[in-house]
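Here's the letter readout for the chains.
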Amino acid sequence: MILLLDAGNTRLKWGLRQAGAWRARGALERERIGDLPHALRQALPVGQGLQRILFCNVAGPEVAAAVAQALVPLSPGLENFLATPEAAGVRNGYARPAQLGADRWAALVGAWNQERRPCLVVNAGTALTIDVLLEDPERPGHGYFAGGCILPGFDLMRGALNRHTAQLPLAEGDFAELPRSTDAAIVSGCLHAQAGAVERLYRQLPPGSPCLLSGGGAAQLDECLDPTLPVRRVDYLVLEGLARVADLPAVA
């Protein structure tokens, strides 16, 4: 049994995989990482242990230490997942491939192996990442990460306005095309900026390509996007990418 872990800034997502199929998946809030062994014991078949743990961590060393400590009773050792020049049929177009965030890379691998066609991969979390995934011009049938953008997430945007201006509140309000209150103007401005960035990068793709949207802010952002944009909401996309890598035959 293989354990796949995706540690973000607010949640730890986990999945158990065996013989190329999911056996269980779940998520824990960051402060409940210590509950991970219990969740795994509930999901593991009697007498079944873990042969491998593949860990994608963008939440920092404290979270990594907490996960390692929680898994001591079960763990064969954590294997950190990092960006590489190529993985599971996808080529990394970053100028320095190792600098790409591990979560973005895993999501791109997962997206290509689900879609097998060009798509926009968007994660609306603490940061907003928007990545363009094309068919590899050098190897038809393979994916190519052509590039992407990182923006502050919704809460970071409105928090920055609150902290760095004298009279703007930490806004709570509803999105509007033409806001008529300060709170609505801040909320709508942040969402207009995010939606505009998604729609601009989408122009890099062939018409009709899917836009895969994930993350804690996905629902809020989805409501503001052009309704003609072919959005598909996805979850566990990072785990899907980790699974594709874990399913590959070991290299001697």
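Above this note sits the structure.
No experiment lies behind these values; they were computed from the predicted model shown.

(A) Geometry of the overall build of the protein. Secondary structure assignment for the protein yields 7 helices and 12 strands. Relative to its length of 252 residues, the protein is compact, with a C-alpha radius of gyration of 19 Å against a globular reference of 18 Å. Scored against the burial criterion, the 252 residues of the protein give a buried share of 44%. For the protein, the exposed area adds up to about 12,600 Å²; of that, 51% sits on carbon and sulfur atoms. In the protein, 23 side chains carry a positive charge and 25 a negative one; their mean positions are 4 Å apart.

(B) View of helix H4 (residues 154–164). Of the residues making up H4, those classed as buried are Phe154, Met157, Arg158 and Gly159. Looking at the buried side of H4, the elements it contacts are strand E10 (143–152), helix H5 (182–202) and helix H6 (218–222).

(C) Expanded view of the sheet that holds strand E5 (residues 78–80). An order of E3-E2-E1-E4-E5 is seen for the 5 strands of this open sheet, with the pairing classed as mixed. The open sheet terminates on both sides in strands that have one partner only, identified here as strand E3 (21–29) and E5. This sheet shows a mean twist of 20° between the axes of neighbouring strands, independent of strand direction. Pairing of strand E4 (residues 52–57) with E5 involves 3 bridges; the strand directions are parallel. Residue pairing for E5: Ile53 is matched across the bridge by Leu78. Sheet strands in contact with helix H1 (residues 36–43) are strand E1 (2–7), strand E2 (11–18) and E3, and its direction is about 25° off that of E2.

(D) Summary view of helix H7 (residues 237–247). Of all 11 residues in H7, 9 are buried; the element is thus mostly enclosed. Taken together, the buried positions of H7 are occupied by Leu237, Val238, Leu239, Glu240, Gly241, Leu242, Ala243, Val245 and Ala246.

(E) Quick look at the nonpolar core. Of all hydrophobic cores here, the largest spans 32 residues; its most connected members are Leu4, Phe81, Trp105, Val121, Leu133 and Leu242. Only E1, E4, helix H3 (102–115), strand E8 (119–124) and H7 provide two or more residues apiece to this core. Ranked by residues supplied to this core, first place goes to H3 with 8 residues. Among all residues touching Leu133, those that are not within four sequence positions of it are Val90, Leu108, Ala111, Trp112, Pro118, Cys119, Val121, Tyr144, Phe145 and Leu205. Counting residues in hydrophobic clusters, the runner-up holds 26 residues, among them Ile186, Val187, Cys190 and Ala195.

(F) Local environment of the side chain of Asp131. Looking at the element boundaries, Asp131 is found in strand E9 (residues 127–135). The class for Asp131 is buried, based on a relative accessible area of 2%. Among the polar contacts made by the side chain of Asp131, one reaches the side chain of Arg104 at a distance of 2.6 Å. With near-sequence residues (within four places) excluded, Asp131 lies in contact with Arg104, Leu108, Cys119, Leu120, Val121, Phe145, Gly147, Gly148 and Cys149.

(G) Local environment of the environment of Gly77. If you trace the backbone, Gly77 turns up in the loop between helix H2 (61–70) and E5. Distance in space between the C-alpha atoms of Gly77 and Ile53 is 6.7 Å, their sequence separation being 24 residues.

Reading the values: rules and limits
Residues numbered from 1 in each chain as written. Predicted model: local features only at pLDDT ≥ 70, side-chain atom pairs only at ≥ 80, totals over all residues. Heavy atoms only, no water. Helix = DSSP H or I, 4+ residues; strand = E, 2+ residues; numbered from the N terminus. Rg over C-alpha atoms; globule rule 2.2 N^0.38 Å. Buried < 20%, exposed > 50% of the residue type's maximum accessible area, 1.4 Å probe, protein only. Areas by Shrake-Rupley, 256 points an atom, 1.4 Å probe, with all protein chains shown as cover. Lys, Arg positive; Asp, Glu negative; His and termini not counted. Charge placed at Lys NZ, Arg CZ, Asp CG, Glu CD. Contact = heavy atoms within 4.5 Å. Pairing = 2+ DSSP bridges. Axes fitted to C-alpha atoms, helices over the stretch in contact; angles between N-to-C directions. Core = buried A, V, L, I, M, F, W, Y, C linked by side-chain atoms within 4.5 Å. Polar contact = N/O pair within 3.5 Å; in protein donor to acceptor, adjacent residues only side chain to side chain.

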